[in-house]
Amino acid sequence: MIPASQTVAGAKPGDMVLPEKRPKGLIAPKETFESVTEDIGSIVLTQKSPRAWWFGAAVAFALLMLLLCSISWLLYRGVGIWGINIPVAWGFAIVNFVWWIGIGHAGTFISAILLLVHQQWRTSINRFTEAMTLFAVACAGLFPLLHLGRPFVFFWLLPYPDTMGLWPQFRSPLVWDVFAVSTYFAVSLIFWYAGLIPDLATLRDRAPKRAQKIIYGMMALGWRGSAVHWQNHQSAYLLLAGLAAPLVLSVHSVVSFDFSVAMVPGWHSTIFPPYFVAGAIYSGFAMVLNIVIPIRKIYRLEKFITLRHLNYMAVVMLATGMMVSYGYVMEAFMAWYSGDIFEQSMMANRAFGPYGWIFWALMVLNVILPQALWSKRIRTNPLALFLVALSINIGMWVERFVIVITSLHRDFTPSAWGMYRPTFWDWSTLFGSMGLFATLLFLFIRFLPMISISEVRKLVSEEKEAQI
Amino acid sequence: MNASSPEKLWRSLAELANPLEFRASRHAEFNSGDSEPHKVNRRDFLRLMGASLALAGLPACTRQPIERIVPYVKQPEELVPGNPLFYATSMTWRGFATGLVVESHEGHPTKIEGNPDHPASRGATNVFHQASLLDLYDPDRSQGITGNGEPDTWENFVSVLSDKLDSQGAKKGAGLRILTETITSPTLLNQLQLLLKKYPEATWHQFEPVNRDCVIEGSRMAFGEMVETHYYFDRANIIVSLDADFLYGHPNSIRYARDFSARRRAPQPGAEMNRLYVGESSPSVTGTNADHRLPICAGEIDGLTRALAQRVGVDAVSEHIGLPPDQQEWVGALAVDLLENRGASIVVAGENQPSAVHALVHAINHTLGNAGQTVTYAETAEAQAINQNESLRSLVRALKINAVDILVTLGGNPVFTAPPDFGFAEYLPKVKLSVHLSADVNETSKLCNWHIPLNHYLESWGDARSFDGTASIVQPLILPLYGGKSAHEILDAMILAPGRGDYEIVREFWDMKSNGDELKWRRALHDGLFEGTSASSKKVTLQAINLPPLNQRLAEPALEITFRPDPTIFDGRFANNGWLQELPKPVTKLAWDNAALISPNLAARKQLENGDIVEIGHEGRRLRLPVWITPGQPDRSVALHLGNGRRTVGNVGRRAGFDVNILRNSEAWWFADGVEIRKTGAKYQLVTTQTQHVIDSEDRQIFREGTLTAFQNDPEFVRKNSESPAASNTLFQPQEYHYDGYRWGMSIDLTACIGCNACILACQSENNIPVVGKDQVARGRVMHWIRLDTYFSGSAANPEMKHQPVPCMQCENAPCELVCPVGATLHDKEGLNLQVYNRCVGTRYCSNNCPYKVRRFNFYQYADYETPSLKPMWNPNVTVRSRGVMEKCTYCIQRISMARINSEEQNRKISDGELKTACQQVCPAQAIVFGDIGNPDSKVSKLKRHKLSFSMLGELNTRPRTTYLAKLRNPNPKMSA
């Protein structure tokens, strides 16, 4: 275990983390402390936002307004505006919830787990992905609330001292969900903010306008960059990383319990927790790529987010994608091997029933297309990688659709089978939540350093050391 | 599983049509004319204001009738708020009375039950009786008298009518016509006779679109007079129905269902069962219960009957009857079975069959020695049994030649229902004074000068006879909500203006009959019937039957159309009843619409899918309506249901269904040959509550069945194939719940269940279950707490059909309880699986985890909080659910509580049978038994020990409290399946 203090920027170079293992090309060789600070800080402080930002933000904001309309209509009319019914009592809301939570996994995985295992290539993307995590979890958190028949009593799921002595029913996975998701959000938020503090101080120091100075100054919490500050900061940061790391595994495991604890064929499966976690990281990385690739182009950040970064993320996607594919195979195998007729007919219905085409779309999007990642040419071609990541993102949404809807629409009692047809409001809420996500992301890009200045500076110094 | 288990299951998924958006039924708020005065002068305005002020105060009052009415079950010294009172009354359906006991809370009738003492009910009702409660509170009911479309008064009406009648005096009433529906009311008959005495030249006509003309003519053909045939299905071993839906559509069907099921209920291995053969032109409730069912065109039944008659030795048939091979075989085996059961069999002909078939069936029953044994004859309960088509025809003839000055139509809707070839609607406006008494403003009201709102039977006095002749009183429970009138009052006004109230009229008649015996009257009110008034049986002699030559079917591809009353909205009179519109029709499970029912073969040949609009052409008249592919429908016959597609109707019935009456005519009243059908390419969205698909495996332990022979050979066959794990086979605490008191449970006998839907509506009425509308049904959001699942097996052309009522299973290991995050669904100390509405947050997880899918969710605010007239209908003991909460069957927990309170007051336990759930109480087949399974001697405990008892999806170890008795059929061993 390396003491935290030794990873502090400006600490003794000899104590740096196994430099010989450190991969090359994580940062352009010409970069200096000054150029890094200027390049990243100026996006927030002085640069005019590019046309693409305005355009993107406008689209995102329009979608956010669509979400507001959808939510208003939902609260006014009730969940009947969606396509849900009996037997498919869960629809897009739960699909979207699981999807967003999955997307929210990459950030913490990149920040915490890669930090703990000293993968320094994370440095230039961690800030970004942490923000993405927060926003994704925020989007995810909306859905379980909105999908309640009576959303105004959502707090009954919390263990609070009720005057009637009522508690949540702790055997229900939905209660576990409340804890898992709220903990994850809280830890992710603190972790992200802790990482931001040195950069906020940098912005405060470089801000040309008084308002910026005051706001960033307040947010920097009096950071002065003293060695003690750095030491405490890094201890806290590592501790938080240690806290966050298991959450990456636990959140989606708990989310998967929503399904695997139930007795519905297609849900009741022991493979779900690892399979969900792998799927979450899979889609999380895909979302990072889908966002990072355009942004590095627009903001000319290729020198910070290099092809090597893209390559690594593609490799992680390939690995988790194979795990997910294994999950698909095991589901089918277990359906056959169990000899359980409900499982078997669930599998047959999944593949050949009325929603069979969606299942096969899932196979193409999530299993077949990502096989292109075996090729390094694809992995280092931003456009190709963007498309593969897009396929995975859609594929992972479709996977949740398959799990939630095709399992429910035909379960035990054939007389009660039904179909689920999404309505306009189902779609508008889905795209609206993307609007919320993108709006938050655009605001983040505009007002906060999207790449960690302090950590990249550390990278520069290490690069320099290595040259010497 | 046994040989006749669901072998090859065959239907492919019927994709529903494009989800066309049909607007929910709310459209125009008012029918023009009924509530908006067009030209208001100052006087009218003041009068209306006064009237509305007076009305405004009324809804707050307890609207108890002022006349003396006698509570039925209990007679508390005074009305105790919160304790319901029960009153005996009766409702007529198809003219005949069924005794009812109506629950009243603080003066509001809230639930209709059958009168256990009444011969036509024996405690049960059918769907129409249940739904009639909603008709009482229907906000679209006619709410005032109109004269030529303008709001008017009773006094004005009476004076206009009197003036006109005065001018009839000289003509002895030659220009006066009365048109009624089928009437069994002794008082009404008396009034009509008085009227006809006053105006000897006046004529009384009767017409109903679902009439019994063929039955009447058939009886005349066989016996030379009209006698009513009574069947004793409980005495028959072999029952043959020739297109007769005696379990559902017959005026006495409730009684017949009970008798029929008596020979099927919970059979013991040694017991015998009756055997039902049904040859029918469209799958009916009766047909689904058949042991041998033959899909046969309505027009071929004549030939089949002749062949059968020939074989059992009726000498009226001399010519040789050539039958197709399948019918030949069927008739052959059937005849042998009948001959082996002389004196213990019944042959019934359907009301849609020509009189010759009825006459032959009478002859068959006589030849088989059934007459006097299983079949008896008696004086009809009808006031005057006449050929109603001919009656209406003569009325139209008189209209045509302007011979009618006054036409008083008491009930009915002949403009909508009369045979189009009569042109009734065309000639009706020629009458100088036409008066129409009806509950709603319908097609006929629009064409009459005067419209008088008809009082509901729960708001007026009257009387009627049941099918067996027993007279019963129609006792009101509430003052008329909208100041309507009854037929008695109109006739009384015609006899001696200004007329009296219906109480005086009915009372006077019965006082006359009983010489003013007050006790007798009170007794009749209390019991709901006049003891000993049933028609005595009548000796009949079979006459030589002169059979008309047998009609030959037209050659292919000519098709046949058959007309039948709609199984839910009947002849259209229930078109504005949301409960009935939303009630899934037996077999097809269609709601809110009718369709042309076609066979799978015909659909394949014409390349038709469900919801394809076809054009049906017959003798130059064309009708467009969607088709519904119905297994068991004869290939060359298309079934059409009457009563749909009403044009002048309230908000509920608007845009529901297609009017098939256009194709009907008086010559081809029930069916017509030589019809062509053409695909139009257009689509229409039909909605069902049960989607159709292949069941992939027979191993799903949902429906258990077998044959009587198999059961006798191996009484354990059901248990052997059930995989319910032992209660101790669990890793968790096997004794998680301890029950010290009652343990409620239910057993449903699938052999006894006839599939009549009554349980669904009884539950809807008892538990304040809302109507959701066609759009919501299409989305799979119907709210019924108990549903009736129908399964098919065998060939698509002639499948076996079976029904399974599915309420909440009240599982011991309830999957729903585990997953609710707020504990809104939980186990109570009597083993009930409770749903706490005000704790429910609406995650719907419980429904996902329910393997039976019996939970229902309020996706919108379905319960109508707004409409004032619907509020008093609600059962005050059951929460009216709000949006966003889950609900489900509670085993009528409010009734359990009531019984518990009563028993605890008397310091005793609830006795077995004292407490009935709504579905149990209404069931004419007595297929549902509820009680304490902790008491080993209770009826339900015994049934749960029955060898046929099984749990639905038992292998899931949910350990349901609701269990089933497997369905047994009793096929003829000599016939191939």
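Residues numbered from 1 in each chain as written. Chains lettered and ligands numbered in written order. Predicted model: local features only at pLDDT ≥ 70, side-chain atom pairs only at ≥ 80, totals over all residues.

## Describing the overall build of chain A
Here is step 1: A tally of helices and strands in chain A yields 16 helices and zero strands.
Here is step 2: Its C-alpha atoms give chain A a radius of gyration of 23 Å, within 12% of the compact-globule value 23 Å for 468 residues.
Here is step 3: For chain A, the proportion of its 468 residues judged to be buried stands at 51%. (Helix = DSSP H or I, 4+ residues; strand = E, 2+ residues; numbered from the N terminus. Rg over C-alpha atoms; globule rule 2.2 N^0.38 Å. Buried ≥ 20, exposed ≤ 12 C-beta atoms within 10 Å, placed from the backbone.)

## Notes on helix α4 (residues 186-198) of chain B
Here is step 1: With 13 residues, α4 of chain B should cover 18 Å at 1.5 Å per step; its first-to-last C-alpha distance of 18 Å lies within 8% of that length.
Here is step 2: In this structure, the buried side of α4 of chain B is in contact with β6 (176-180), β7 (203-206), β17 (462-465), β18 (471-474), α15 (487-495) and α16 (502-514) of chain B. (Expected span 1.5 Å × (residues − 1). Contact = placed C-beta atoms within 7 Å.)

## Regarding the interface of chain B and chain A
Here is step 1: Across the boundary between the two partners, chain B contributes 45 residues, which contact 41 residues of chain A.
Here is step 2: Considered class by class, the residues forming the side of chain B that touches chain A number 20 nonpolar, 14 polar and eleven charged. (Nonpolar A, V, L, I, M, F, W, Y, C, P; charged D, E, K, R; others polar.)

## Thoughts on the sheet that holds strand β12 (residues 345-349) of chain B
Think of a sheet as strands paired side by side through backbone hydrogen bonds, with each pair either parallel or antiparallel.
Residue and element names in this part refer to chain B.
Here is step 1: Strand order in the open sheet made by the four strands is β11-β10-β9-β12, with parallel pairing throughout. Edge strands, defined here as strands with exactly one partner in the open sheet, are β11 (292-295) and β12. On average, adjacent strands in this sheet sit at an angle of 10 degrees to one another, irrespective of strand direction.
Here is step 2: Pairing of strand β10 (residues 275-280) with β11, which is carried by four bridges, proceeds in the parallel orientation. From the neighbouring strand, G279 faces β11, where its bridge partner is L294.
Here is step 3: Relative to the sheet, helix α10 (residues 355-367) contacts β9 (238-242) and β12, its axis offset from that of β12 by approximately 175 degrees. (Pairing = 2+ DSSP bridges. Axes fitted to C-alpha atoms, helices over the stretch in contact; angles between N-to-C directions.)

## With respect to the environment of N393 of chain A
All names here are of chain A.
Here is step 1: Its place among the elements puts N393 in helix α14 (residues 382-409).
Here is step 2: A residue is classified by how many C-beta atoms lie within 10 Å of it, and N393, with 23 of them, is buried.
Here is step 3: Remark: the alpha-carbon pair of N393 and W99, spanning 294 residues in sequence, is separated by 8.8 Å.
Here is step 4: In this structure N393 touches S283, A286, M287 and N290, once residues within four positions along its chain are discounted.

## Considering the confidence of the model for chain B
Residue and element names in this part refer to chain B.
Here is step 1: Residues with a pLDDT of 70 or more make up 90% of chain B, whose mean pLDDT is 86.
Here is step 2: Contacts of residues 56-62 to residues separated by more than four positions or lying in other chains number three contacts, the stretch itself having pLDDT below 50.
Here is step 3: Confidence estimates for the predicted assembly give a pTM of 0.87 and an ipTM of 0.89. (pLDDT = per-residue confidence, 0-100.)

## Considering the pairing of strand β16 (residues 450-453) of chain B
Residue and element names in this part refer to chain B.
Here is step 1: Burial of the side chains of β16 extends over both faces: W450 and I452 are buried on one face and H451 and P453 on the other.
Here is step 2: Two elements, strand β4 (residues 146-147) and β16, share two bridges in a ladder whose sense is antiparallel. Paired with T146 across the bridge in β16 is H451.

## Observations regarding the packing of helix α6 (residues 173-206) of chain A against helix α8 (residues 227-260) of chain A
Residues and elements named next belong to chain A.
Here is step 1: Relative to each other, α6 and α8 sit at 155 degrees, their axes nearing to 8 Å. Compared by their axis directions, α6 and α8 come out roughly antiparallel. Crossing of α6 over α8 shows left-handed handedness.
Here is step 2: Here the residues of the contact of α6 with α8 sort into 23 nonpolar, five polar and two charged. (Parallel < 35°, antiparallel > 145°, perpendicular 65-115°, else oblique. Left-handed = near helix turned anticlockwise from the far one by under 90°.)

## Re the packing of helix α4 (residues 105-116) of chain A against helix α5 (residues 123-146) of chain A
Residues and elements named next belong to chain A.
Here is step 1: Put simply, α4 and α5 touch, their axes get as near as 7 Å, and they point 145 degrees apart. Relative to α5, α4 is oriented so that their crossing is left-handed. Packed against α4, whose contacting residues are A106, G107, T108, I110 and S111, the element α5 presents I125, N126, T129, E130, M132 and T133 at the interface.
Here is step 2: In terms of residue class, the contact of α4 with α5 is made up of four nonpolar, six polar and one charged.

## Description of helix α3 (residues 92-103) of chain A
Owing to its 3.6 residues per turn, the α-helix aligns residues three or four sequence positions apart on the same side.
Residue and element names in this part refer to chain A.
Here is step 1: With twelve residues, α3 should reach 16 Å at 1.5 Å per residue; the first-to-last C-alpha distance of 16 Å fits that figure.
Here is step 2: Counting buried positions over the twelve residues of α3 gives twelve, a clear majority of the element.
Here is step 3: If you check which residues of α3 are buried, you get F92, A93, I94, V95, N96, F97, V98, W99, W100, I101, G102 and I103.

## Quick word on the domain arrangement of chain B
All names here are of chain B.
Here is step 1: Each assigned domain of chain B is listed with its residue range as follows: domain 1 (146-211 + 384-465 + 480-527), domain 2 (214-378), domain 3 (559-688) and domain 4 (705-729 + 746-969).
Here is step 2: For domain 2 and domain 4, the distance between their C-alpha centroids amounts to 35 Å.
Here is step 3: With 19 residues of domain 2 at the contact, the number on the domain 4 side is 23 residues.
Here is step 4: Taken together, the elements giving at least two residues each to the side of domain 2 that touches domain 4 come down to α6 (253-262), α7 (285-288) and β11.
Here is step 5: The class makeup of the residues in the side of domain 2 that touches domain 4 is eleven nonpolar, three polar and five charged. (Domains from an automatic or database assignment.)

## Thoughts on the sheet that holds strand β3 (residues 108-114) of chain B
Residue and element names in this part refer to chain B.
Here is step 1: Reading across the sheet, the three strands line up as β1-β2-β3 and stay open at both edges, with antiparallel pairing between neighbours. Edge positions in the open sheet fall to β1 (85-93) and β3, since each of these has one partner strand only. This sheet shows a mean twist of 40 degrees between the axes of neighbouring strands, independent of strand direction.
Here is step 2: In this structure, β1 lies alongside strand β2 (residues 96-105), joined through nine bridges in antiparallel fashion. When the sheet's bridge partners are listed, A88 is paired in β2 with V101.

## Some remarks on the environment of A241 of chain A
Residue and element names in this part refer to chain A.
Here is step 1: Position of A241 relative to the elements: it lies in helix α8.
Here is step 2: Along the sequence, A241 and W54 sit 187 residues apart, while their C-alpha atoms lie 34 Å from each other.
Here is step 3: In this view, A241 contacts S111, A112, L115, L116 and F191; residues no more than four positions away in its chain are not counted.

## Description of unusual backbone geometry
Here is step 1: Residue P87 of chain A is bonded to the preceding I86 of chain A through a cis peptide linkage, with omega at 20 degrees.
Here is step 2: With respect to the element layout, P87 of chain A can be found in the loop between α2 (51-77) and α3.
Here is step 3: Unlike most non-glycine residues, N402 of chain B shows phi in positive territory, near 60 degrees.
Here is step 4: Mapped onto the elements of the fold, N402 of chain B is located in the loop between α11 (388-400) and β14 (406-410).
Here is step 5: Residue classification places N402 of chain B among the exposed positions, given that 12 C-beta atoms sit within 10 Å.
Here is step 6: Positioned with a positive phi, Q926 of chain B is a non-glycine residue whose angle comes to about 50 degrees.
Here is step 7: Locating Q926 of chain B in the fold gives a position in the loop between α27 (918-922) and β35 (928-932).
Here is step 8: By C-beta crowding, Q926 of chain B is classed as buried, having 20 other C-beta atoms within 10 Å.

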